[in-house]
Amino acid sequence: MSVFNLVDFDDHEQVVFCSDEESGLKAIIAIHNTNLGPSAGGCRFWDYSNEEDAITDALRLSKGMTYKNAMAGLKLGGGKAVIIGNPKNLKSDALFKAFGKAVNNLGGRYYTAEDVNITTADMAVVNQVTDFVSGLEGKSGNPGPFTALGTFLGIKAAVKHRLNLDSLEGISVAVQGLGSVGYSLCEKLHKAGAKLIVTDINQDILNKAKSELGAKVVSLDDIYKQDVDVFSPCALGASINDSTINQLKAVVVAGCANNQLAANRHGKLLHEKGILYAPDYVINAGGIINVALEIYPEAYDPAQAMILVHNIYQTLMSVFENSAKENRPTGEIADEMARQIIGKAT
Ligand code: NAD
């Protein structure tokens with residue numbers, strides 16, 4: 001298999017294969033681009049069905065981080081790590097220390113953090129052997145509330161652009177997924193006077209949303225076809241796909257989930273249908289903005305992070321305005337803006 005010929009290989013600066021026989025570590029660290037600063041992006045622990053899937057994931061996710069960090073105005077490049085295997089059987093201090101050693105060997109070109117199946121406790125072990133770790137307990141901590149604030153501001157920007165409304169009072173929002181980010185987002189939307197329709201696989205959280213926020217609960221399948229202003233994917237990726245796109249009645253798609261579009265062509269389809277899509281990596285950057293302050297040498301200040309998250313509103317407005325001016329999908333415009341920012345820093 002040739003890495004250079006993979007579809008997702010995008011002139012990545014460095015791809016490192018790390019292994020440690022004793023602990024069973026098999027990991028890939030992909031550094032996509034460091035024009036803006038050291039690369040940063042989480043580490044995912046996943047039982048990939050083959051190594052090519054793991055490489056593809058690392059390549060794709062690290063490129064996504066370059067674009068996300070650039071659009072968030074951060075002096076950070078894009079990187080990502082994947083650890084291959086079943087976290088339930090493989091997790092050990094020895095494995096995370098071996099991973100930490102590999103991160104440390106990159107001398108600060110890559111800062112790691114939590115991603116899928118990695119906890120702050122795991123990262124604390126990594127931190128025993130390297131300082132190039134962020135998102136630690138007692139420092140920037142849980143990114144959820146910051147991501148929720150950014151997503152809330154992104155919905156406000158989209159409603160302003162698409163419906164010319166300054167307030168969310170009376171706006172209806174269908175939220176898919178009430179986890180760390182989704183529930184916090186719902187609290188903000190409720191406070192702003194929005195009407196909530198929600199779904200989740202967790203009945204307890206649905207009951208909570210019903211009693212605390214007056215949310216209407218619908219089934220997993222029915223969330224797409226609700227007669228609402230905004231559809232907000234806050235659970236899984238690829239929720240905008242061939243089977244869901246035609247069910248949407250919302251005129252805005254804006255949520256925190258990563259990789260909301262199953263394929264790029266779904267961004268084009270949303271645009272053609274007059275549905276305003278807030279590109280996921282722009283609207284959900286609140287968490288990485290918070291983490292970035294931990295990486296920069298100044299002392300971490302959550303108040304400063306909250307201020308920076310407010311920039312997401314204006315960034316999205318620029319994306320929406322350029323998309324309208326050029327009659328092109330918002331995702332294409334955001335990618336282009338990101339590439340310009342990265343290119344200027346060369
Ligand atoms: P989480 O695990 O806390 O919450 C996910 C929620 O989705 C859970 O309540 C879960 O029960 C629910 N869910 C799972 N499958 C579902 C389904 N089929 N239909 C409806 N609900 C379902 O995760 P989170 O941290 O809130 O992140 C949510 C999304 O946002 C993820 O895609 C994540 O990658 C993305 N994201 C999160 C952050 C962050 O700061 N946490 C930052 C950027 C992007």
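Cut-offs and rules
- Residues numbered from 1 in each chain as written.
- Predicted model: local features only at pLDDT ≥ 70, side-chain atom pairs only at ≥ 80, totals over all residues.
- Heavy atoms only, no water.
- Near = heavy atom within 4 Å.
- Polar contact = N/O pair within 3.5 Å; in protein donor to acceptor, adjacent residues only side chain to side chain.
- Areas by Shrake-Rupley, 256 points an atom, 1.4 Å probe, with all protein chains shown as cover.
- Salt bridge = Lys/Arg side-chain N within 4 Å of Asp/Glu carboxyl O.
- Pairing = 2+ DSSP bridges.
- Helix = DSSP H or I, 4+ residues; strand = E, 2+ residues; numbered from the N terminus.
- Buried < 20%, exposed > 50% of the residue type's maximum accessible area, 1.4 Å probe, protein only.
- Contact = heavy atoms within 4.5 Å.
- Phe/Tyr/Trp six-rings, centres within 6.5 Å; stacked < 30°, edge-to-face > 60°.
- Lys NZ or Arg CZ within 6 Å of the ring centre and 35° of its normal.
- Right-handed = clockwise from strand over helix to strand, strands pointing away.
- Domains from an automatic or database assignment.
- Arc of directions from axis to C-beta.

## Looking at the site of the ligand
Among the 19 residues in the neighbourhood of the ligand, the closest are listed as Thr-147, Ser-180, Val-181, Asp-200 and Ala-235. Contact between the ligand and Val-181: an oxygen atom at 2.9 Å from a main-chain N or O atom of the residue. Between the ligand and Ala-235 there is a distance of 2.9 Å, counted from an oxygen atom to a backbone nitrogen or oxygen. Isolated, the ligand exposes 830 Å² of accessible area, and the fraction of that covered by the protein chains is 70%.

## Concerning the pattern of salt bridges
Across all of its chains, the model carries 13 salt bridges by this definition. Note that Arg-328 and Glu-326 form a salt bridge whose closest N and O atoms lie 2.6 Å from each other. Each member of the salt-bridge network shares a partner with another, and the members are Arg-44, Asp-57, Arg-60, Lys-80 and Asp-115.

## A few points about the sheet that holds strand 10 (residues 230–233)
Within the open sheet, the six strands sit side by side as 9-8-7-10-11-12. Their pairing is parallel. With partners counted over all chains shown, the strands left at the sheet margins are strand 9 (216–217) and strand 12 (276–277), one partner each. Sheet topology note: the strand 7 (residues 172–176)/strand 10 ladder contains four bridges and is parallel. The partner of Val-173 across the bridge, within strand 10, is Val-230.

## Focus on the environment of Leu-6
When you line up the elements, Leu-6 lands in the segment before strand 1 (14–20). Judged by its relative accessible area of 13%, Leu-6 falls in the buried class. Linking Leu-6 and Ile-55, residues 49 residues apart in sequence, is a C-alpha distance of 9.2 Å. Apart from the residues within four sequence positions on either side, Leu-6 is in contact with Glu-52, Ile-55 and Leu-59.

## Here we look at the packing of aromatic side chains
Under the counting rule described, the total for this entry stands at five aromatic pairs. Note on Tyr-67 and Tyr-281: the rings are 6.1 Å apart at their centroids and 65 degrees apart in plane angle, and the pair reads as edge-to-face. With Tyr-67 in helix 1 (residues 51–71) and Tyr-281 in helix 9 (residues 280–283), the pair connects residues that are 214 residues apart, well separated along the chain. Grouping residues by exposure puts Tyr-67 and Tyr-281 together as buried. Sitting over the face of the ring of Tyr-183, Lys-208 holds its NZ or CZ atom 4.4 Å from the ring centroid.

## Details of the pairing of strand 8 (residues 195–199)
Of all five residues in strand 8, four are buried; the element is thus mostly enclosed. Here strand 7 pairs with strand 8 via five bridges, running parallel. What sits directly across from Val-175, in strand 8, is Val-198. With helix 6 (residues 180–191) bridging strand 7 and its parallel neighbour strand 8, the resulting β-α-β unit is right-handed. Bridge count for strand 8 against strand 9 is two bridges, and the pairing is parallel.

## Structural notes on the domain arrangement of the protein chain
Entries for the protein chain in the domain assignment read domain 1 (3–62 + 76–126) and domain 2 (144–285 + 314–341). On a C-alpha basis, the centres of domain 1 and domain 2 stand 29 Å from each other.

## Regarding helix 7 (residues 203–213)
Those residues of helix 7 not exposed but buried are Ile-205, Leu-206, Ala-209 and Leu-213. One side of helix 7 carries all its buried residues, which in axial view fall inside an arc of 105 degrees. Away from its buried face, by an angle of more than 90 degrees, helix 7 presents the exposed residues Asp-204, Lys-210 and Ser-211. Residues of helix 7 that are buried make contact with helix 6, strand 8 and strand 9. One or two steps after helix 7, the chain reaches Gly-214, where phi turns positive at roughly 65 degrees.

## Regarding the environment of Leu-206
Position of Leu-206 relative to the elements: it lies in helix 7. Looking at Leu-206, the relative accessible area reads 3%, which means it is buried. Along the primary structure Leu-206 and Gly-177 are separated by 29 residues, whereas in three dimensions their C-alpha atoms are 9.4 Å apart. Once residues within four sequence positions are removed from consideration, Leu-206 is found in contact with Leu-178, Val-198, Thr-199, Asp-200 and Val-217.

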